[in-house]
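What follows is the residue order along each chain.
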Amino acid sequence: MDAAWDRKYRAARSNALSKRFGQSWLALACGRSVMTVTQVNAKAKRLQQLNKLNRPSYIIDEVQLIENLTRCQSLQSRYPIQVLLAMKAFSSQTYMPLIKQYLSGVSVSSYNEARLAHESGAHPIHCYSPAFEQGQFQALLEMVSSITFNSVGQWAHYKAQVNQYPAHISCGLRINPEHEEVKNPLYNPCGPRSRFGVTINQVQKSDFKDLDGILCHNLCGHSSHELERTIMSIETKFGEYLSQLKWINLGGGHMLTRDDYNRTHLGQLADYLSDKYELDVYIEPGEAIVYEAGYLVCQVLDIIDNGGLIAIVNVSASAHMPDVIEMPYRPHILGSKSAGKTPYTYQIGGNTCLSGDIMGEYAFESPLQIGQPLIFTDMAQYTMVKNTTFNGVSLPDIAQLDSHGNISPIQAFGYESFVSRLP
Ligand SMILES: Cc1ncc(COP(=O)(O)O)c(C=O)c1O
């Protein structure tokens, strides 16, 4: 895009938005740069509906989800690559019928995920787990089309059972090319003493004899360039096995639905593997599939001042958005700015007793009011699948926002969801 035109275009988009909805909605315009002014206006109008909610709620943005899925589908139609949804990031009976229309299947990591996928009609189901449980393995065989083992020991343990199963199940081994792209040890699957996958020193030629494929997952929120380096490391370490395999799964961590992701480069990398080694190429992103397709709406419960303003809201970073604490990162709130940018800067904190249950420091254009809604963005990934009722806090409801701005309830949670998991 021509730089001058791009500047003019962005300015026009921002003007249209601020005229219509005021400064606080401008943050929206900074999101997906390929949106037209009309699209930004339509999105802002839809999102304004979220201000009407008076209960904590995760909101799935159907329009954004379809946009992400369309980007994946378009990639698949142009290059020899199959995109699977990693259900660990987002598991949903409601959305599986939609998702399966666009993607090439799902990737599951447990009996429960496999069953949800199976009962929702997802197909094919690819399965990997750090270690399979004997008691659930036979049931898994009835649902999945491929199984990736984490170690040579697990493969040896289950090989006979897989071979005895009447249908063909394609088996693979997770490899660790010892190539590190993730800096944070919490998310780095290839660091020293990693428990994920086999290093080249842990395998012998004979281990690959009856295997169809390999899985390598070493990325987290990365671009195609980190993937290219990863592929080079796989070739360096495991190159001699690639020609005898049928497929390679390049794991998750690819931000392929972002505007700045080079999907052509990703496609070319798939082309390369497909041409050189005749491999079927899979990726299994989770985050990218629901990127920016979810919101967490909460309300301000109290405002206190202890050397600075603090707003307590009716959701919790620890219970409802745990990656904020684990990663850690500061989630965006619609209409907010960085701390100190306006006189109305607040620390936003959750409703549990964990001292560190804090989302971050945010500046607003006017003072926050008790009861006022706050809308956290990008809250579909790794939230509903991970949330807890720690402190007895309620789970936020789940609802859908459609293209007309209608909000339809999907799930509501009450006392039952708290007590049913306790002794
Ligand atoms: C084996 C495997 N595949 C796929 C994923 C999905 O990764 P992401 O949500 O970052 O795309 C993960 C995430 O931890 C993973 O461990």
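Here the structure is a predicted model, which means the values were calculated and not measured.

So what exactly am I meant to see when it comes to the overall build of the protein chain here?
Of regular secondary structure, the protein chain possesses 12 helices and 18 strands. Relative to the 2.2 N^0.38 estimate, which gives 22 Å for 423 residues, the radius of gyration of the protein chain is 23 Å and therefore close to what a compact globule would have. Taken over the C-alpha atoms alone, the protein chain extends approximately 65 × 60 × 40 Å along its principal axes. In the protein chain, which comprises 423 residues, the proportion classed as buried is 53%. Taking contacts inside the protein chain between residues at least 6 apart in sequence as the whole, the part at least 24 apart equals 67%. For the protein chain, the centre of its 35 positive side-chain charges and the centre of its 39 negative side-chain charges are spaced 5 Å apart.

Honestly, the site of the ligand in this entry has me stumped. Any pointers?
Around the ligand, the neighbouring residues are Ala86, Lys88, Arg174, His217, Gly252, Gly253, Glu284, Pro285, Gly286, Glu287 and Tyr382. In the environment of the ligand, a nitrogen atom lies 2.6 Å from a nitrogen or oxygen atom belonging to the side chain of Glu284. Residue classes in the shell around the ligand are distributed as 3 nonpolar, 4 polar and 4 charged.

Looking at this model, I keep getting lost on the confidence of the model for the protein chain. Mind explaining?
Low-pLDDT stretches of the model should not have their predicted coordinates read in fine detail. Confidence along the protein chain averages 93 in pLDDT terms, with 92% of residues attaining 70 or more. Highest mean pLDDT in the protein chain belongs to strand β3 (residues 85-86) (99); lowest belongs to helix α1 (residues 3-21) (41). Counting contacts from residues 1-31, a segment whose pLDDT is below 50, to residues more than four positions away or on other chains yields 50 contacts.

Can you help me understand the packing of aromatic side chains in this one?
The description of an aromatic ring pair rests on the distance of the ring centres and on the angle between the ring planes. Under the criterion given, the structure shown has 13 aromatic pairs. Between Phe137 and Phe149, the aromatic rings sit 6.2 Å apart at their centres with planes inclined by 35°, giving tilted as the arrangement. Here Phe137, found in helix α6 (residues 134-141), pairs with Phe149, found in strand β6 (residues 146-149); they are 12 residues apart in sequence, far enough to count as distant. Comparing Phe137 with Phe149 shows no difference in burial state: the two are buried. Plain terms: the ring middles of Tyr346 and Phe364 are 6.0 Å apart, the flat faces sit at 65° to each other, and that makes the pair edge-to-face. With Tyr346 in strand β14 (residues 344-349) and Phe364 in strand β15 (residues 358-364), this residue pair connects regions lying 18 residues apart in the sequence.

When you look at the domain arrangement of the protein chain in this model, what are you seeing that I'm missing?
How large an interface is tends to be reported as the accessible area lost when its parts come together. Assigned domains of the protein chain: these are domain 1 (47-61 + 294-379 + 387-419) and domain 2 (79-290). Each of domain 1 and domain 2 was reduced to a C-alpha centroid, and the two centroids are 34 Å apart. Each side of the interface is counted separately: domain 1 has 8 residues, and domain 2 has 7 residues. Where domain 1 abuts domain 2, roughly 630 Å² becomes buried across the two surfaces, and 49% of that area is made up of carbon and sulfur atoms. Linking domain 1 to domain 2 there are 0 salt bridges. The interface formed by domain 1 and domain 2 contains 2 residue pairs in polar contact (both at pLDDT 80 or more).

The rules behind these values
- Residues numbered from 1 in each chain as written.
- Predicted model: local features only at pLDDT ≥ 70, side-chain atom pairs only at ≥ 80, totals over all residues.
- Heavy atoms only, no water.
- Helix = DSSP H or I, 4+ residues; strand = E, 2+ residues; numbered from the N terminus.
- Rg over C-alpha atoms; globule rule 2.2 N^0.38 Å.
- Buried < 20%, exposed > 50% of the residue type's maximum accessible area, 1.4 Å probe, protein only.
- Contact = heavy atoms within 4.5 Å.
- Lys, Arg positive; Asp, Glu negative; His and termini not counted.
- Charge placed at Lys NZ, Arg CZ, Asp CG, Glu CD.
- Near = heavy atom within 4 Å.
- Polar contact = N/O pair within 3.5 Å; in protein donor to acceptor, adjacent residues only side chain to side chain.
- Nonpolar A, V, L, I, M, F, W, Y, C, P; charged D, E, K, R; others polar.
- pLDDT = per-residue confidence, 0-100.
- Phe/Tyr/Trp six-rings, centres within 6.5 Å; stacked < 30°, edge-to-face > 60°.
- Domains from an automatic or database assignment.
- Buried area = accessible area lost by both parts, 1.4 Å probe.
- Salt bridge = Lys/Arg side-chain N within 4 Å of Asp/Glu carboxyl O.

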